[in-house]
Amino acid sequence: QVQLVESGGGLVQAGGSLRLSCAASGGSFSTYTMGWFRQTPGKEREFVALIRLNGYNTLYDDSVKGRFTISRDNAKNTVYLQMNSLKPEDTAVYYCAAGVLAFSVAKQVKSYQYWGQGTQVTVSS
C-alpha cells in the first residue's frame, strides 16, 4: 500500500510560481508512474502531467505545457510539480497519483491505483 502526501499549495498572484511536492511511502516508488491531476468544484478530475519510472519520459496537458515542469527524485521518494506563470484558471485542488500502467492510458484517472489527499492552489487575478 502506497501513501501519498502532497504539500506546497497556497495562494499566489497571477504570473507567480509555486512548487508542489508529493512524498510517497509504503511502496516501491521507483516502479510507479507518477501523475499530477487537478479538480475544481463541479468538474471531473483532469490530467495535468506525468512522469515515468526513469524520470526522463514526461507528458503534459496542453493547458500547462511550457509553464509546468514535473520531476521526481527516486532517492527521496518524491515527485514535484514546478508551476510557473500561473493563471487564475489554474486554481484547483491538485492531486498526486501513483500507478503501474501503460503509457497509452496514463492520462486517465482510473489508471492510477493510489492518490494523495490533495492540496489547494489558488491563483488570484
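All values reported here derive from a predicted model rather than from experimental measurement. (Residues numbered from 1 in each chain as written. Predicted model: local features only at pLDDT ≥ 70, side-chain atom pairs only at ≥ 80, totals over all residues. Heavy atoms only, no water.)

## Considerations on the packing of aromatic side chains
Note on aromatic pairs: each is described by the distance of the centres and the angle between the planes.
Then, in step 1: Applying the stated criterion to the full structure yields five aromatic pairs.
Then, in step 2: Measuring from centroid to centroid gives 5.2 Å for Phe37 and Tyr112, while their planes differ by 75°, and the two rings are edge-to-face. Here Phe37 is found in strand β4 (residues 33-39), whereas its partner Tyr112 is found in the loop between β9 (92-99) and β10 (114-115), with 75 residues between them in sequence. Each member of the pair, Phe37 together with Tyr112, is buried.
Then, in step 3: Centre to centre, the rings of Tyr112 and Trp115 are 6.1 Å apart; their planes meet at 65°, and the pair counts as edge-to-face. (Phe/Tyr/Trp six-rings, centres within 6.5 Å; stacked < 30°, edge-to-face > 60°. Helix = DSSP H or I, 4+ residues; strand = E, 2+ residues; numbered from the N terminus. Buried < 20%, exposed > 50% of the residue type's maximum accessible area, 1.4 Å probe, protein only.)

## Section: the sheet that holds strand β3 (residues 18-25)
Then, in step 1: One open sheet holds the four strands; their spatial order is β1-β3-β8-β7, and the pairing between them is antiparallel. Each edge of the sheet is formed by a strand with only one pairing partner; in this case those strands are β1 (3-7) and β7 (68-73). Neighbour to neighbour, the strand axes of the sheet diverge by 15° on average, direction disregarded.
Then, in step 2: Two elements, β7 and strand β8 (residues 78-83), share six bridges in a ladder whose sense is antiparallel. The residue of β8 that forms the bridge with Ser71 is Tyr80. (Pairing = 2+ DSSP bridges. Axes fitted to C-alpha atoms, helices over the stretch in contact; angles between N-to-C directions.)

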